[in-house]
Amino acid sequence: MVDAFQAELDLTGLAAENLQARVRGVILMGLSNAEGHLALTTGNKSELATGYSTLYGDSAGGFGPIKDVLKTLVWDLARWRNAEAGRRGLEPPIPANSIDKPPSAELAPGQLDTDSLPDYGVLDALLDDYVEKDMGSAELIAAGHDPALVQRVIRLVDLAEYKRRQYPPGPKITVKNFGRDRRLPITSRWRETLPS
């Protein structure tokens, strides 16, 4: 059905990928509505920070349980959960492949998150300094972050504010979560100034 619709509209690239995410979101919300269940979003803080989510797609839902959890911490928590299950003699609930395989939105053949984003270890360290510690671009560079990456990530974070405003609520686990603790103007074209 999606393929026929895409062919009729001649959607390719990112537009076609986002359509897939939106169709899934509509189906999940339909099931939520029919069954009376609360749909959970899957986006983590790294993805929300950089806008690596699809509005009305993977952002569709009523609650974001990991929206304030950086991707690297999501993996650490998953490993901990499996280890705890093993310690209790239970089957680990999270498939190892979900933790160990290279992350992907799986919207295109062979797609990896690293096609669009830096490695999460590098990204999360930069996001922690920029978002949690309120470091500006000059401070980020002085702290040892790559200047080109600083410029790129700051731009991604600042431009994605409009997406974060539409994301469902979720628990706060960090000093500075998106929303109440950290909001940027959307319409004034405000941007973090980068050193010349």
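For the structure itself, look to the data block above.
About the cut-offs
By convention here, each chain's residues receive numbers from 1 onward along its written sequence. Since the coordinates come from a predicted model, pLDDT governs what is reported: local features require at least 70, and pairs of side-chain atoms require 80 or more to be given and counted, while whole-chain, interface and lining totals use all residues. Each side-chain value is worked out from all heavy atoms of the structure, with water and hydrogens disregarded. What goes into a patch is any residue over 30% in relative accessible area without a salt bridge, connected to like charges within 9 Å or, for nonpolar side chains (Val, Leu, Ile, Met, Phe, Trp, Tyr), within 5 Å. Computed with a 1.4 Å probe, the accessible areas rest on the Shrake-Rupley method; for each residue, only the protein chains presented here act as cover. Criterion for a salt bridge: a side-chain nitrogen of Lys or Arg within 4 Å of a carboxyl oxygen of Asp or Glu. The numbering of helices and of strands both runs from the N terminus, where a helix is a DSSP run of H or I of at least 4 residues and a strand a run of E of at least 2. Among buried residues, the Ala, Val, Leu, Ile, Met, Phe, Trp, Tyr and Cys ones that are joined through side-chain atoms within 4.5 Å form a nonpolar core. Three labels apply to residues, based on accessible area from a 1.4 Å probe with only protein chains included: buried if under 20% of the type maximum, exposed if over 50%, partly exposed otherwise in between. Two residues qualify as a contact provided that any one of their heavy atoms is within 4.5 Å of a heavy atom in the partner residue. Whenever two N or O atoms come within 3.5 Å, that pair is a polar contact, provided that in protein one can donate a hydrogen and the other can accept it, and provided that, for residues adjacent in sequence, both atoms are side-chain atoms. The span expected for a helix works out to 1.5 Å for each residue beyond the first. What counts as an axis is a line fitted to C-alpha atoms, over the stretch in contact for a helix, and the angles between N-to-C directions run from 0 to 180 degrees. Each angle is binned into one of four classes, with values under 35 degrees roughly parallel, values over 145 roughly antiparallel, values of 65 to 115 roughly perpendicular, and all other values oblique. Crossing handedness: left-handed means the near helix sits turned counterclockwise from the far one by under a right angle, and right-handed means the same turn made clockwise. Only Asp, Glu, Lys and Arg are considered charged, only Ala, Val, Leu, Ile, Met, Phe, Trp, Tyr, Cys and Pro nonpolar, and every remaining residue, Gly among them, polar.

Residues Ile 27, Leu 28 and Leu 31 make up a contiguous nonpolar surface patch of about 300 Å² in total accessible area. Its place among the elements puts Ile 27 in helix H2 (residues 13-35).

Looking now at the nonpolar core. By size, the foremost hydrophobic cluster in this structure holds 21 residues, and its most contacted members are Leu 127, Leu 140 and Val 153. Residue contributions to this core peak at 6 residues, all from helix H6 (residues 120-132). Those residues within four positions of Leu 127 in sequence are excluded, and the remaining contacts are Ser 46, Ala 49, Leu 70, Glu 132, Val 153 and Val 157.

With that settled, the discussion passes to H6. If you check which residues of H6 are buried, you get Tyr 120, Leu 123, Asp 124, Leu 126, Leu 127, Asp 129, Tyr 130, Val 131 and Glu 132. On its buried face, H6 is in contact with helix H3 (45-50), helix H4 (71-87), helix H7 (137-142) and helix H8 (147-159). By the N-cap criterion, in which a side-chain oxygen at the helix start approaches the backbone nitrogen of a residue two or three places on, H6 is capped by Asp 119, the distance to Gly 121 being 2.9 Å.

With that out of the way, let us pick up the environment of Thr 174. Mapped onto the secondary structure, Thr 174 falls in the segment after helix H9 (161-165). Residue Thr 174 is classed as partly exposed on the basis of its relative accessible area, which comes to 21%. Distance in space between the C-alpha atoms of Thr 174 and Val 26 is 30 Å, their sequence separation being 148 residues. Excluding its chain neighbours within four sequence positions, the residues that come into contact with Thr 174 are Lys 45, Asp 68 and Glu 132.

A few words now on H4. A rise of 1.5 Å per residue sets the reference length of H4, with its 17 residues, at 24 Å; its end C-alpha atoms lie 24 Å apart and thus fit the reference within 8%. Buried residues along H4 sit in contact with H3, helix H5 (96-100) and H6.

This next bit is on unusual backbone geometry. For Glu 106, which is not glycine, the phi torsion reads 55° and is therefore positive. Inspection of the secondary structure assignment puts Glu 106 in the loop between H5 and H6. The phi torsion at Asp 134 lies on the positive side, around 55°, for a residue other than glycine. The class for Asp 134 is partly exposed, based on a relative accessible area of 45%.

The next point concerns the packing of H6 against H8. Orientation of H6 relative to H8, taken along the N-to-C sense of each, is 65°, at an axis distance of 11 Å. Relative to H8, the element H6 lies roughly perpendicular. Like other packed secondary-structure pairs, H6 and H8 cross with a definite hand, here right-handed. In this structure, H6 uses Val 122, Leu 123, Leu 126, Leu 127 and Tyr 130 to contact H8, whose residues at the interface are Leu 149, Val 150, Val 153, Ile 154, Val 157 and Asp 158. In terms of residue class, the contact of H6 with H8 is made up of 10 nonpolar, no polar and 1 charged.

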